[in-house]
Amino acid sequence: MNMRPKPHQALNFKFLLLGVFIAFFLLFLLRSSFSSSSSSSSKQNIFPVLKPKTSKAMKETAENCSPTCAKIPRSLAQTLIHYSTSTITPQQTLKEISVTARVLDKKSPCNFLVFGLGHDSLMWSSLNFGGRTIFLEEDESWIEQIKLRFPMLESYHVTYDTKVNQADNLMEVGRGPECTSLVDLKYSICQLSLKSLPSEVYEMKWDLIMVDAPTGYHEEAPGRMSAIYTAGMIARNREEGAETDVFVHDVNREVEDRFSMEFLCEKYMKKQEGRLRHFTIPSHRDGSATNKPFCP
């Protein structure tokens with residue numbers, strides 16, 4: 001199932017999501033205000049006693065404030081307006097979204113790779129404000145539609161040469177030595193490895209990866225076998241000591257269920273909420289052999 005939401009989802013979800021964004025903006029303003037005041041008073045008490053401002057002082061502050069003083073960034077303002085007026089809500093539920101949002105709250109700004117492009121993409125990009133969020137999408141025409149609405153999103157077209165009906169065979173292939181070796185993905189000989197992704201994907205060190213595409217709800221669809229495997233390999237290949245948070249949606253389906261447990265490792269699963277699983281995968285680069293099982 002793609003990331004594109006269905007228009008008949010519950011209306012109260014929109015208001016809950018709006019509340020999340022409002023809280024995010026208020027936190028952003030409070031942090032901005034605190035950091036600007038603390039930087040100008042480094043020699044003063046870290047927690048000075050603040051006296052209420054008089055109306056005259058407030059007037060003087062307003063007059064001296066620049067047009068950009070404590071202003072919400074334009075991209076976040078556009079996000080708030082979009083979700084408060086849209087009749088279409090993200091396909092993931094509030095509880096599912098909250099799992100990823102909590103990790104982003106701790107790690108953002110960071111590097112966030114998302115397999116899939118949809119109406120919730122603007123939300124993910126905004127929750128990673130100041131970081132880099134890249135979306136990989138199989139449908140070129142859909143990319144063009146989204147770019148017209150949200151030109152600030154960074155998205156790339158990706159092709160897949162697998163089909164859901166090949167899942168059993170690909171599972172066996174993925175267990176072979178050519179697929180467990182820690183090698184550069186671009187030069188991997190593993191049939192599951194995505195070797196034609198944009199160069200940005202191979203060059204970046206990804207802190208978070210979400211697999212919510214490609215299409216996987218019928219036998220002739222490309223399925224998410226390669227996307228899940230590649231996400232796992234990106235995490236395993238990171239520098240020694242690093243950890244990568246990987247999220248897989250639609251784990252109620254057989255492919256997403258089996259492949260996430262096999263190639264992301266059940267031992268590394270931190271949480272499952274509804275149809276979403278969260279894994280925290282450590283680097284497998286420790287100076288020893290490069291051919292290692294996915295699950296130690």
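Residues numbered from 1 in each chain as written. Predicted model: local features only at pLDDT ≥ 70, side-chain atom pairs only at ≥ 80, totals over all residues. Heavy atoms only, no water.

Under an unreviewed UniProt entry, the protein chain has the name Polysaccharide biosynthesis domain-containing protein and belongs to Tripterygium wilfordii.

(A) View of the overall build of the protein chain. From N to C terminus, the protein chain includes 11 helices and seven strands. In the protein chain, buried positions account for 46% of the 296 residues. In the protein chain, 71% of the contacts between residues at least 6 apart in sequence involve partners at least 24 apart. By element, 55% of the accessible surface of the protein chain is carried by carbon and sulfur atoms, the whole surface being about 15,400 Å². (Helix = DSSP H or I, 4+ residues; strand = E, 2+ residues; numbered from the N terminus. Buried < 20%, exposed > 50% of the residue type's maximum accessible area, 1.4 Å probe, protein only. Contact = heavy atoms within 4.5 Å. Areas by Shrake-Rupley, 256 points an atom, 1.4 Å probe, with all protein chains shown as cover.)

(B) Focus on the sheet that holds strand E4 (residues 208-211). Spatial ordering of the open sheet is given by E3-E2-E1-E4-E5-E7-E6, a layout of seven strands whose pairing is mixed. Two strands bound the open sheet, and with one partner strand each, they are strand E3 (154-157) and strand E6 (269-273). Strand after strand, the sheet turns through a mean of 15 degrees between neighbouring axes, direction not considered. As paired elements, strand E1 (residues 111-115) and strand E2 (residues 132-137) share five bridges and run parallel to each other. Looking at E2, one finds that Phe112 is bridged to Thr133. Across the face of the sheet, helix H4 (residues 94-107) comes into contact with E1, E4, strand E5 (243-249), E6 and strand E7 (276-282) while running at roughly 165 degrees to E5. (Pairing = 2+ DSSP bridges. Axes fitted to C-alpha atoms, helices over the stretch in contact; angles between N-to-C directions.)

(C) Main features of the packing of helix H7 (residues 167-174) against helix H11 (residues 254-265). Here H7 crosses H11 at 0 degrees, and the two axes come no closer than 11 Å. As judged from the angle between their axes, H7 and H11 are roughly parallel. On H11, the residues that touch Ala167, Asp168, Leu170, Met171 and Gly174 of H7 are Val255, Arg258, Phe259, Glu262 and Phe263. A class-by-class count of the residues in the contact of H7 with H11 yields six nonpolar, one polar and three charged. (Parallel < 35°, antiparallel > 145°, perpendicular 65-115°, else oblique. Nonpolar A, V, L, I, M, F, W, Y, C, P; charged D, E, K, R; others polar.)

(D) Fine view of the packing of helix H10 (residues 225-236) against H11. In contact at an axis separation of 9 Å, H10 and H11 are set at 20 degrees when each is read in the N-to-C sense. Taken together, the axis directions place H10 and H11 in an arrangement best described as roughly parallel. As for how H10 packs across H11, the hand of that crossing is right-handed. For the pair H10 and H11, contact is made by Met225, Ile228, Tyr229, Ala231 and Gly232 and by Val255, Glu256, Phe259, Ser260, Phe263 and Leu264, respectively. (Left-handed = near helix turned anticlockwise from the far one by under 90°.)

(E) Summary view of the packing of aromatic side chains. Counted under the stated rule, the structure contains five aromatic pairs. Plain terms: the ring middles of Phe263 and Phe294 are 5.0 Å apart, the flat faces sit at 80 degrees to each other, and that makes the pair edge-to-face. Taken together, the residues span a long stretch of sequence, with Phe263 in helix H11 and Phe294 in the segment after E7 at a distance of 31 residues. The residues Phe263 and Phe294 share a single accessibility class, namely buried. (Phe/Tyr/Trp six-rings, centres within 6.5 Å; stacked < 30°, edge-to-face > 60°.)

(F) Layout of the confidence of the model for the protein chain. Residue-level pLDDT values for the protein chain average 84, and 76% of them are 70 or greater. Low pLDDT (under 50) marks residues 33-50, which in the prediction has zero contacts with non-local residues, meaning those over four places away or in another chain. (pLDDT = per-residue confidence, 0-100.)

(G) Region of the structure containing the state of the cysteines. As enumerated under the stated definition, the model contains two disulfides in all. The disulfide bridge from Cys179 ends at Cys190, spanning 2.0 Å between sulfur atoms. Across the disulfide from Cys179 to Cys190, rotation about the S-S bond amounts to roughly 90 degrees, and the bridge is consequently right-handed. With a gap of 11 residues between them, Cys179 in helix H8 (residues 177-180) and Cys190 in the loop between H8 and helix H9 (199-203) connect regions that are remote in the sequence. Both residues of the pair, Cys179 and Cys190, count as buried. Disulfide pairing places Cys265 opposite Cys295 at an S-S distance of 2.4 Å. In this pair, Cys265 sits in helix H11 while Cys295 sits in the segment after E7, placing the two residues 30 residues apart along the sequence. Assessed through its relative accessible area of 1%, Cys265 is described here as buried. (Disulfide = S-S within 2.5 Å.)

(H) Examining the pairing of E3 more closely. Where E2 and E3 come together, four bridges link them in parallel fashion. Counterpart to Glu137 in the pairing with E3 is His157. Taking the sense of rotation as the criterion, the β-α-β connection linking E2, helix H6 (residues 140-149) and E3 turns out right-handed. (Right-handed = clockwise from strand over helix to strand, strands pointing away.)

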